[in-house]
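Listed here are the chains, written in short residue letters.
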Amino acid sequence: MGRYLPILARMRRKKGVLIPIEAAILRCAVDLQRRGEPEFHGFFIAKELRDRDEARRLTAHGTLYKALDRLEKAGLVQSRWEDPETAASERRPRRRLYQVTGLGERVATESLRVSPSPRPKPGLEPA
Amino acid sequence: VRIELASAVTRSWVRLYTRRIDADVRASRIAEIESDLWEHRRETEEAGTDPSDAGLQVLARCLAGMPADLAWRSGAARRARSSRRREPMNDLIRRSWWLVPAVLVGLFDVMLFLAQLTHFFGLMEFEPRVGTRLAASAAWLLFAVCIAAGLALRDRRPQRAGVLVIVGSVPALLLVWMVVPPLLGVAAIVGAIYHMTTAPSPTRAPA
């Protein structure tokens, strides 16, 4: 079908290629790791992305969790469910905590080299 | 839009698009969105955001993510289907691989039967006498019938089926100069023995 509808062939995502939201999440997660926060949950990364001005609004649920799912399947992040007791003690639902893997860190560094982040937030520029 | 209403819409949507996929995957996605909604609400309260603005934000996040949700669902359903299919397929291959060489040997027997029966056998330099031809022809037909009967009985009477397939395949071993038929015959015999030793005994109807 792609032969007859070239646009479909172009739209099909290649395996192993990060789309912008995935690259942004990965870069953001690596930054968090360097700032001493190795684990993050979905809403936290959405907020970070918004604050870094990589997105104007909070990333949509579907877009965010599909991207995280794909990153996990690619071995770039790993996840675990938070200890239920921790969540219960804070009277909130359990969080799914993500962490960048070694491979994810390398891929993030590479993606930064190929296409640098849009604009660092004032005060976060490297010295 | 009240944040409670937007959250309820989001929850309903998650429950809708995660229907009929793997239960663990569904529960995980529902729990993750629940956590996200809770965190969003807490952030709104802490930041003192207008609740109706926050409700709009939640609704917008839900609506804007719908295409990605549907794409994710499609992938999750496909993975679940393929994992469900893979196990029975492996089992089927393990139980039935030997049918392929057995059928090929059976076809080879039929081919020799026809070759003996028609004038084509002349190319094979067989005994030209009619009586011998007919006897050989009948023998090959019998071997082919043995294999066919063995294949037909393999589920109901595995022991008898194995013996029939072995009987039908042994003559192919004699034609060593043809290489492929004897190899297929060996495979069919090994498979038939495997079937005889591993197939479950047929259950008898209670009296």
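Being a predicted model, the structure only gives us computed values, none of them experimental. (Residues numbered from 1 in each chain as written. Chains lettered and ligands numbered in written order. Predicted model: local features only at pLDDT ≥ 70, side-chain atom pairs only at ≥ 80, totals over all residues. Heavy atoms only, no water.)

A word on the overall build of chain B
When helices and strands are counted, chain B shows eight helices and zero strands. Each helix and strand of chain B, placed in order from N terminus to C terminus, yields the pattern α-α-α-α-α-α-α-α. Counting the 207 residues in chain B, one finds 37% classified as buried. Within chain B, contacts between residues at least 6 apart in sequence are counted, and of these 65% link residues at least 24 apart. Carbon and sulfur atoms form 66% of the exposed surface of chain B, whose accessible area is close to 12,500 Å². (Helix = DSSP H or I, 4+ residues; strand = E, 2+ residues; numbered from the N terminus. Buried < 20%, exposed > 50% of the residue type's maximum accessible area, 1.4 Å probe, protein only. Contact = heavy atoms within 4.5 Å. Areas by Shrake-Rupley, 256 points an atom, 1.4 Å probe, with all protein chains shown as cover.)

Regarding the packing of aromatic side chains
As enumerated under the stated definition, the model contains five aromatic pairs over all chains in all. A centroid spacing of 5.8 Å and a plane angle of 20 degrees characterise the contact between Phe40 of chain A and Tyr98 of chain A, whose relative ring orientation is stacked. With Phe40 of chain A in strand 1 (residues 39–40) and Tyr98 of chain A in strand 3 (residues 96–100), this residue pair connects regions lying 58 residues apart in the sequence. Aromatic side chains Trp140 of chain B and Phe143 of chain B sit 5.5 Å apart centroid to centroid with 80 degrees between the ring planes, which places their arrangement in the edge-to-face category. (Phe/Tyr/Trp six-rings, centres within 6.5 Å; stacked < 30°, edge-to-face > 60°.)

Details of the nonpolar core
Grouped together as the largest cluster of nonpolar side chains are 41 residues, with contacts concentrated most on Ile25, Leu26, Phe40, Ile45, Leu64, Leu68 and Val100 of chain A. Contributing elements (two or more residues each) for this core: helix 2 (20–34), helix 3 (42–51), helix 4 (61–73) and strand 3 of chain A together with helix 1 (3–17), helix 2 (23–47), helix 3 (51–64) and helix 4 (66–96) of chain B. Considering each element in turn, this core owes the most residues, eight residues, to helix 2 of chain A. Setting aside anything within four residues of it in sequence, one finds Phe40 of chain A in contact with Ala29, Leu32, Ile45, Leu68, Arg96, Leu97, Tyr98, Gln99 and Val100 of chain A. Residues Trp98, Leu99, Ala102 and Ala188 of chain B belong to the second largest nonpolar core, which totals ten residues. (Core = buried A, V, L, I, M, F, W, Y, C linked by side-chain atoms within 4.5 Å.)

Re the confidence of the model for chain A
All names here are of chain A. Considering every residue of chain A, the mean pLDDT works out to 80; 73% of them sit at 70 or more. Taken as a whole, residues 1–11 scores under 50 in pLDDT and shows two contacts with residues more than four places along the chain or in a different chain. Low pLDDT, under 50, characterises residues 119–127; the stretch is placed with four contacts to residues that sit more than four places away or in other chains. (pLDDT = per-residue confidence, 0-100.)

Side note on the packing of helix 2 of chain B against helix 3 of chain B
Residues and elements named next belong to chain B. Two numbers describe how helix 2 lies on helix 3: the axes approach to 10 Å, and their chain directions differ by 150 degrees. By the angle between their axes, helix 2 is roughly antiparallel relative to helix 3. When you trace helix 2 past helix 3, the crossing you get is right-handed. Counted together, Asp36, Leu37, His40 and Thr44 of helix 2 and Ala54, Gln57, Val58 and Arg61 of helix 3 form the full contact between these two elements. Partitioning the contact of helix 2 with helix 3 into residue classes produces three nonpolar, three polar and two charged. (Axes fitted to C-alpha atoms, helices over the stretch in contact; angles between N-to-C directions. Parallel < 35°, antiparallel > 145°, perpendicular 65-115°, else oblique. Left-handed = near helix turned anticlockwise from the far one by under 90°. Nonpolar A, V, L, I, M, F, W, Y, C, P; charged D, E, K, R; others polar.)

Concerning the interface of chain A and chain B
Across the contact, 25 residues belong to chain A and 26 residues belong to chain B. Between chain A and chain B, roughly 2,100 Å² of surface is buried when both sides are summed, and carbon and sulfur atoms account for 59% of that area. The largest contributions to the chain A side of the interface with chain B come from Phe43, His61 and Tyr65 of chain A, which together make up 32% of the buried area. Counting the contacts that link chain A with chain B gives four salt bridges. Close ionic contact of Arg95 of chain A with Glu39 of chain B constitutes a salt bridge, the shortest N to O distance being 2.6 Å. On the surface where chain A and chain B come into contact, there are nine residue pairs in polar contact (both at pLDDT 80 or more). Counting only elements with at least two residues in the side of chain A that touches chain B, the list comes to helix 3, helix 4 and strand 3 of chain A. The element that contributes the greatest number of residues to the side of chain A that touches chain B is helix 4 of chain A, accounting for eight residues. Counted by class, the side of chain A that touches chain B contains nine nonpolar, six polar and ten charged residues. (Buried area = accessible area lost by both parts, 1.4 Å probe. Salt bridge = Lys/Arg side-chain N within 4 Å of Asp/Glu carboxyl O. Polar contact = N/O pair within 3.5 Å; in protein donor to acceptor, adjacent residues only side chain to side chain.)

Focus on helix 2 of chain B
Structurally, the α-helix is built with 3.6 residues per turn, so residues lying three or four positions apart point the same way. Residue and element names in this part refer to chain B. Over its 25 residues, helix 2 runs 36 Å from end to end, which matches the ideal 36 Å to within 8%, given 1.5 Å per residue. Along helix 2, the positions that sit buried rather than exposed are Ser28, Arg29, Ile30, Glu32, Ile33, Ser35, Asp36, Leu37, Glu39, His40, Glu43 and Thr44. If you check the start of helix 2, you find a side-chain oxygen 3.1 Å away from the backbone N of Asp24, and it comes from Asp22. Within two residues after helix 2, Gly48 carries a phi angle of roughly 70 degrees, on the positive side. (Expected span 1.5 Å × (residues − 1).)

So, the confidence of the model for chain B
All names here are of chain B. Residues of chain B with pLDDT of at least 70 account for 88%, and the chain-wide mean is 84. Note that residues 203–207 has pLDDT below 50 and, in this model, zero contacts with residues that lie over four places away or in other chains. Overall fold confidence (pTM) sits at 0.59, and the ipTM for the predicted complex is 0.78.

Details of the environment of Ala6 of chain B
With respect to the element layout, Ala6 of chain B can be found in helix 1. Between the C-alpha atom of Ala6 of chain B and that of Val58 of chain B, which follows or precedes it by 52 residues, the distance is 5.9 Å.

Here's the deal with the environment of Leu64 of chain A
Within the element layout of this structure, Leu64 of chain A appears in helix 4. The exposure class assigned to Leu64 of chain A is buried, which follows from its relative accessible area of 0%. Residue contacts for Leu64 of chain A: discarding those within four places in its chain leaves Ile25, Gly42, Ile45, Ala46 and Thr59 of chain A together with Asp36 and Arg61 of chain B.

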